[in-house]
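Listed here are the chains, written in short residue letters.
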Amino acid sequence: MRTNGPVRRALNLAASGLALALGSAAAWGAPPPDKVALTGARIIPVVGAPLARGTVLVERGKIVAVGDKVEIPYDAREVDCSGRVLFPGMVHAHTARGLDIPNEPRPVVPHLDVGDALDPSQLFFEDCLRLGVTTVHVIPGNNTVLGGVGRVVRPIGLTVADMTVLPQSFMKISVSEKFDRIQQMAMLREALAELDDYLAQLAEKRYEEQLKKDDKPLDVGPAEARKRGRDLIRAEDVEERYRNLLRLRGGQVRFNGQDGPTLFKPLGAFVYVDSGLDVGNATRVAKEYGFFDRVVFCVGGPAFKAMDELKSAARPIVLPPELVYRETNPLTGEVRETFLPRQYFDAGLKFALTTGTEDQYAERMLTYQAARCVREGISRDVALRAITLTPAEMLGLADRVGSIEVGKDANLVVFSGDPLEFDSVVELVFIDGILAYDRAKDVRLQRLLSEELSDVREKRPAPPDKTDKPEAKPDTGEPDADHGEENSE
Amino acid sequence: MRRAARSPVWLAAVGGLALLGTVAYVRVASAAPPNGPAAEAAAADEHATRSLRSAEAQAPLLAIRARAIYPATAALPGPVEPGVMLLRGGKVVAVGSDLAIPADARVIDLPDQIITPGFVSAGGIERPHGGAESVSAAYRAIDAFDPYADTQLSLSRGVLTTYLSPGGHRLVSGIGAVVKLAGPRDERVLKATADLNVNLGVFDPPPLFKPPFYASSDVAIEPAIVQRPTSRLGQLLELRERLMAARELAAGDVRPGAAKHDVHLAALADAWRQRLPLRIQARRASDIENAVSFAKELVATAADGPASAYLVALSEGERVADVVWQSGLPVVVRVENSFRSPGANAGPDPDALVPRLSTAARLAPDGAAARLALAAAEGDNAQDLRFVAILAIRGGLAPETALAAITRVPAEILGVGERVGSLAPGRDADFLVLSDRPFEIGTSVLAAYVAGQRVYEAPPAPTTQPASRAARIEPPPTTVIKAGHIWLGDEVLADGQVLLERGKIAAVGHRVPAPPGARVVDAGRDAFVVPGFIDAHGFLGLAGDQTAASADLPIARTVAVADRPMQRVAQAGVTTVLLAPYRVAGNGGRVAAIKTYGLDRDELVSRDVAAVKYSLRGKDPVTEVESIKRLVESARRYDDQWKKYEEDLAKWKAGEKPTTPARTETEDKKEVKVDPITGTWEITLSGEPLPESVKVTAKLRLTGDAIEGRMTDPTSGEEVPLTGSLSGQDVRLEIDVESPIGKPVITARLEREDYMKGAVTIANFSINLEAVRVDKGPVEFKVTRRRGKTKDGRPEPPRVDEALEPLRAVLGGRAVIVVEADGALAVNLALKTLVDELKLPVVLLAPDGLADFVEIIRPRGQGVAVAVGPELVRPRGGVLYNAAVDYARQGIRIGLQSAAEDAARNLPLMALYAAQSGLGGDGALRALTIDAARMYKLDDRLGAIAPGKDADLLIFTGHPFDAGSRLERVIVGGREVPRDPL
């Protein structure tokens, strides 16, 4: 069937709307039930010991009780989770997905806010539900210098406001990737230093305005005017362009080494450091401009080489999706592989795991990333925290999400088995007590797994060897007669 | 040492010098007690590393002795030979030729290696920034410095310190830096802001587009600004203008923020305030002249401006050499001639830049006073610095000036001369261990040190040894030996070189390739390199065991690794011994060719069977020779079987059907016609646990005393193979069926003709057996041995007969016959039969009174050789008579035999004595090398210096048999035999 563009778009919209509807019908339809009791599940609360069989009671979107002897109120809707595993909704610490493009082409755009570009209908958010992620930190990508501020959202809701958990979360800074490092650093310094000049001029302007208002003539030179004008600067005077920069530098007016009024709340930064040298560069800049204690390092593969510096910095780490770093010795050609989480784990640093792009299915799953860590000898507790509580702490949301504890948001995932088992699937997802996802009603998934499609798959002429033997046999010099016989059967 | 362990991390962690051993043959003559040298050295190293940091003064003293040290200081540009360098706490304490080494110093000997300061690249590593600004002073090269990067490539070329350039693509491209490429990370940066990069002759920078922040009706989008310089005319103008603006800003005359904040102007002002030197890169003659006048003017007039200046590149410097020389400005000449590829065509353009090799030499007319540094073309990233210096030398630069131009002078130009670039007291102990002199073509960097710590070690030359062996022992090092004379075997090569790889000689010639990391041994112009000496017959390692050995005894197994007496023999220059048993049995004894030095048995044994030794001594020669002849005949039949098998195998491999395997049997059929076994037998089995007796048929065939056959399995009806033997009247047959409790065995006795009686037993069970031969005719069945494994039709090899194998080797031309005989009759008889009749190669062990046999031996030409000794000179008729001389004069091939165990170490002295009593030096040398190898058919591996031969070499200070000549080194299988400590 051929359809023209608008029609296809309309169909797509309808499909995504349908998908959303199945997940979050409750979010916009009927009001959420006041009380929900999830009973009979094995509970992995992340904080504290797992319960073999327990109940989680949710009231008005918050967890009010967790235990094996929870009394279920008569008016609670009971969801039987026997044989299932209850896990906190996972937290995605750092992603540019959910945006139409990860980065603005211009490198220095500190005033941008991803809230303006978030698309609630992106399939990514649907996938988040499907994979058990209930909190997503959407932030500009690494291909920038000062890339704008991010936003923490939940993957349900029809508008950005609906989705938002925490607006204006962190500034995105990159000291690598976009250009060569010399230019990158020069631009970063220039942008940060420019604020001083701006504030000085603003102070001068404010002082002159003040005099004008009082009908007084200009009585002092520019240097003195700036000094006097410093305290006159109000929050609304600061241009949009410089507002986030000022927040990044602590929110307090400060130039020529002297302090003025504090106008804004401080803003933290997710700083992308690709290689070892970037860690030193980023640290120096962040310390020079006073936001080092609000930095979260988003590391690239080779950044672990600066582990000494990362250790002494003791800032939280967001790991790249690709967990293995490969390098080749230029003289001998030997290839060395490093499993990155192990390096950070051994260094005692707090790290969060992230997922990759669409092309590697397994690495889209936080649970898979955590399972790999356990396989490489990292304790299960740390691996589970790296996809739940640790990113929540980084985002300053540890009091709301990241674990199953009384008082926290009722972000809960019902797994069919242990979350780190590869054959476990997400059956139900609750966000703020709302049933946000039900596998049984996942239309897209059902279609993917349906007979109809599998028929199509089977009919597709696939090479017969590929199914059973994933790797082509190396040339063993054996005659091919055997294969021919097999094929003819 | 596992290869994986050779990572930079590991190097940094272990540090220290003691592990140099694998590449550099270091022997640590530690003051520490001798037990557990490796552990001691490691502990000492660790200690050294730790104390370097805490208390430099108390740090242990390290003394390095090398073949030569180039301090590269202004006072001492040339080498100190031999050199001694004292280090403490990462700094040089002293360099000299005959320094007294304090007793508490750890000493490292590098007898073949050369030490120079680490190279300093003033050309540097470029990281051109992407900024568009023509004057872009805010770009700092240090921002791109990655102290975690893998710098092995640069280190392997000897560059330990380098300039970092922000690029040569803008009029002012930024601020450069000077860094070390290795060493502790916090000590890498020598200068974070070193100088201001100015590049003349770089025109047409990209237009500068500055989009406004949110263009609107009030804020217009301005067109891109065209930047200067667009031509040569504008570049100095632009430069002056900007520098003056910066100067005003630096002096505080301009209000910042009056105009829009200009980071580049601010950076330029900073540079002015800090009086950063100017680095002016210029290629064209006119730009160079401009650069000279501009730099002089600026440095001379602006007291607050740049403190100094230097010039870089100078491709056309030859044209304005006088101007540059008279200006006294230091220069960094880029040797821009393409050498990795042909480069660009210059075409007919008269203005084309055609770099010349002589530029550097012309810019340094007085080498000693020159402030000349050398650099490669831009983008080389400091990798070919040494090669560039070689090119400059070809262009006429003095080697000492060239060395200074890649070490001391660039360090001084970059302002780090007090730290690096020369090995003077107080400087950082940053140095290289080179395999040879710095400007030899084949020289490679074996190791590099920064602050006294090893930061680079050349990886071992690649090896193709089987993994199992490589894992067990280190492969022999790759070595180049240079000497005035190389005795190839039959002739002498003057001014030659030999390349040893993987224990073999890889190349011989005047100039052989030196793979990276190869050790170089420069033996000198008078030196003689000769093949290792061969003892033509000895008993090394038998420890007096006089047991008569038979032909199946593998004598090579007696060889032991790390045997003291053996090493003594090796140290004397005897690298191969034809190891024979003292006494041999009637069927002869094996003679093996073994080496006197090696790390495992595979290395020690050159050939399991080099000869079969027969002794006629004290026996009846007629019977003995007849017996040898019979042995040879049966060996010939045995050999034929093998030949046939190999033919069949070749045919089978080529895809043909093999001929019927019963071939040999049909031949033998006539002989065995009336044997007591061959034929068809009817076997009756009875008794417990069989409920009733069972009859089966078996076909049996007797070959010698071996029986083969087939029997019908009573249960399955299948044919199963039988194998066994007949001894006397007793028959023993194994039934080849798989069963968990073993194979059933038939034991029976031929009670009468065509009838045997016995039992079949398996484990503890036994049943009675009676068998009657029903047919005596030859039987036909397919070959039974290992039938199951050869269903693909591959022919079966004949059974190996260890006693006949040595003779088979003789027949195959891989070994010879050694005859020990006394008296003319025995010798004559032996030679007549073995040489004339059987056409076999014979080595005669010198009989007493051997002069009498010259006439017997000589007519047989090269078919007979004589192992002379052990007593070379005997009185005969009242006159001292040297047998070796007599044989040699008659054209008979001779070798020298020790007929002793470790007394073989005196063989070279015997040869010397023979040489002076008439054999001559060359004759003695031939007898010990090529002739001995040829008489044992070992000349494919031994006795000569040619590609493919074993790397068994001796290095003498002169002709081996000159009076004053001394044996300097012994190399066996590519490994140098260590000398005993005194």
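Everything here concerns the structure above.
Residues numbered from 1 in each chain as written. Chains lettered and ligands numbered in written order. Predicted model: local features only at pLDDT ≥ 70, side-chain atom pairs only at ≥ 80, totals over all residues. Heavy atoms only, no water.

Visitor: Would you mind going over the overall build of chain A in detail, with residue names and values included?
Guide: Of the regular secondary structure elements, chain A holds 16 helices and 22 strands. Split into buried and exposed, the 489 residues of chain A put 52% on the buried side. By sequence separation, contacts in chain A at least 24 residues apart represent 63% of the contacts at least 6 residues apart. Of the roughly 23,000 Å² of accessible surface on chain A, 50% is carried by carbon and sulfur atoms. (Helix = DSSP H or I, 4+ residues; strand = E, 2+ residues; numbered from the N terminus. Buried < 20%, exposed > 50% of the residue type's maximum accessible area, 1.4 Å probe, protein only. Contact = heavy atoms within 4.5 Å. Areas by Shrake-Rupley, 256 points an atom, 1.4 Å probe, with all protein chains shown as cover.)

Visitor: Describe the packing of helix H5 (residues 232-251) of chain B against helix H6 (residues 263-273) of chain B, naming the residues involved and giving the relevant values.
Guide: Residues and elements named next belong to chain B. At a minimum axis distance of 8 Å, the contact between H5 and H6 shows a crossing angle of 75°. Compared by their axis directions, H5 and H6 come out roughly perpendicular. Two secondary-structure elements touch here, H5 through Arg242, Leu243, Met244, Ala245, Ala246, Arg247, Leu249 and Ala250 and H6 through Leu265, Ala266, Leu268, Ala269, Trp272 and Arg273. Among the residues making up the contact of H5 with H6, the classes are represented as 11 nonpolar, no polar and 3 charged. (Axes fitted to C-alpha atoms, helices over the stretch in contact; angles between N-to-C directions. Parallel < 35°, antiparallel > 145°, perpendicular 65-115°, else oblique. Nonpolar A, V, L, I, M, F, W, Y, C, P; charged D, E, K, R; others polar.)

Visitor: Got a sec to walk through the pairing of strand E27 (residues 589-595) of chain B? Specific residues and values, please.
Guide: Residues and elements named next belong to chain B. Among the 7 residues that make up E27, 7 are buried, leaving the element largely enclosed by the rest of the structure. Of the two faces of E27, the one lined by Gly589, Val591, Ala593 and Lys595 and the one lined by Arg590, Ala592 and Ile594 are each fully buried. Where strand E25 (residues 574-579) and E27 come together, 4 bridges link them in antiparallel fashion. Paired with leucine 578 across the bridge in E27 is alanine 593. As judged from the 5 bridges shared by E27 and strand E28 (residues 605-615), these two strands associate in the antiparallel manner. By the bridge assignment for E28, valine 591 is matched with alanine 611. (Pairing = 2+ DSSP bridges.)

Visitor: So what's going on with helix H5 (residues 222-229) of chain A? Which residues, and what values?
Guide: Residues and elements named next belong to chain A. Every buried residue of H5 is accounted for by Ala225, Arg226 and Gly229. In an axial view of H5, the angular spread of the buried residues amounts to 100°, which keeps them on one side of the axis. Buried residues along H5 sit against helix H4 (181-213) and strand E12 (252-255). (Arc of directions from axis to C-beta.)

Visitor: An account of the pattern of salt bridges is requested, with residue identities and associated values reported.
Guide: All chains considered together, the criterion is met by 90 salt bridges over all chains. One salt bridge connects Arg130(A) with Glu126(A), and the closest N-O pair in it is separated by 2.5 Å. With a gap of 4 residues between them, Arg130(A) and Glu126(A) both fall in helix H2 (residues 123-131), about one helical turn apart. The same class applies to Arg130(A) as to Glu126(A), namely buried. Arg808(B) is paired through a salt bridge with Glu646(B); the nearest N and O atoms lie 3.5 Å apart. Of the two residues, Arg808(B) sits in helix H18 (residues 805-811) while Glu646(B) sits in helix H16 (residues 621-654), which places them 162 residues apart along the sequence. The class of Arg808(B) is buried, set by a relative accessible area of 11%. The class of Glu646(B) is partly exposed, set by a relative accessible area of 39%. Connected via shared salt-bridge partners are Glu126(A), Asp127(A), Arg130(A), Arg364(A), Asp442(A) and Arg444(A). (Salt bridge = Lys/Arg side-chain N within 4 Å of Asp/Glu carboxyl O.)

Visitor: Tell me what's going on with unusual backbone geometry, and back it up with residues and numbers.
Guide: Residues and elements named next belong to chain B. The amide bond that connects glutamate 81 to the next residue, proline 82, takes the cis arrangement and shows omega of -20°. Relative to the assigned elements, proline 82 resides in the loop between strand E2 (61-69) and strand E3 (83-88). A cis amide bond links arginine 228 to the next residue, proline 229, at an omega of -5°. Among the structural elements, proline 229 can be located in the loop between strand E11 (196-199) and H5. At alanine 451, a residue that is not glycine, the phi angle is positive and equals roughly 50°. For alanine 451, the position within the fold is in the loop between strand E17 (445-450) and strand E18 (453-457).

Visitor: Hey, could you go over the side chain of Asp600(B) for me, with residue numbers and the actual values?
Guide: All names here are of chain B. Considering the arrangement of structural elements, one finds aspartate 600 in the loop between E27 and helix H15 (601-604). The buried category is assigned to aspartate 600, whose relative accessible area is 7%. In this structure the side chain of aspartate 600 is engaged in a polar contact, spanning 3.0 Å, whose partner is the backbone nitrogen of glutamate 603. (Polar contact = N/O pair within 3.5 Å; in protein donor to acceptor, adjacent residues only side chain to side chain.)

Visitor: I'd like a description of the nonpolar core, backed by residues and values.
Guide: Counting 97 residues, the largest nonpolar core has Phe297(A), Tyr344(A) and Leu353(A) as the members making the most contacts within it. Top element by residues in this core is H4(A). It accounts for 10 residues. Setting aside chain neighbours within four positions, we find Tyr344(A) in contact with Val299(A), Ala303(A), Phe304(A), Met307(A), Leu310(A), Ile317(A), Leu319(A), Leu349(A) and Phe351(A). Grouped together as the second largest cluster of nonpolar side chains are 90 residues, Ala141(B), Ala269(B), Ala295(B) and Leu311(B) included. (Core = buried A, V, L, I, M, F, W, Y, C linked by side-chain atoms within 4.5 Å.)

Visitor: An account of the interface of chain B and chain A is requested, with residue identities and associated values reported.
Guide: Every contact between the two is made by 36 residues of chain B and, on the other side, 31 residues of chain A. Summed over both partners, the interface of chain B with chain A comes to about 2,800 Å²; 55% of that surface belongs to carbon and sulfur atoms. The interface formed by chain B and chain A includes 1 salt bridge. Where Asp143(B) meets Arg189(A), a salt bridge forms, and the shortest distance between an N and an O atom there is 3.0 Å. Linking chain B with chain A are 7 residue pairs in polar contact (both at pLDDT 80 or more), by the criterion used here. At 3 residues, the largest contribution of residues to the side of chain B that touches chain A is made by helix H4 (residues 152-156) of chain B. For the side of chain B that touches chain A, the per-class residue count stands at 20 nonpolar, 8 polar and 8 charged. (Buried area = accessible area lost by both parts, 1.4 Å probe.)

Visitor: Tell me about the packing of aromatic side chains, and please be specific about residues and values.
Guide: Enumeration according to the criterion identifies 13 aromatic pairs over all chains in this entry. Seen from their ring centres, Phe87(A) and Phe415(A) are 6.0 Å apart, and the 70° between their planes marks the pair as edge-to-face. With Phe87(A) in strand E5 (residues 85-88) and Phe415(A) in strand E20 (residues 412-415), this residue pair connects regions lying 328 residues apart in the sequence. For the pair formed by Phe87(A) and Phe415(A), the shared burial category is buried. An angle of 15° between the planes, with centres 3.9 Å apart, marks the rings of Tyr198(A) and Tyr242(A) as stacked. Of this pair, Tyr198(A) sits in helix H4 while Tyr242(A) sits in helix H6 (residues 240-248); the two residues are 44 residues apart in sequence, bridging distant segments of the chain. Given the relative accessible area of 9%, Tyr242(A) is considered buried. When the ring centre of Phe292(A) is taken as reference, the NZ or CZ atom of Lys287(A) above it lies at 4.8 Å. Positioned above the aromatic ring of Tyr755(B) is the side chain of Arg752(B), whose terminal nitrogen or guanidinium carbon lies 3.9 Å from the ring centre. (Phe/Tyr/Trp six-rings, centres within 6.5 Å; stacked < 30°, edge-to-face > 60°. Lys NZ or Arg CZ within 6 Å of the ring centre and 35° of its normal.)

In short, shape yes, function no, at least from these values alone.
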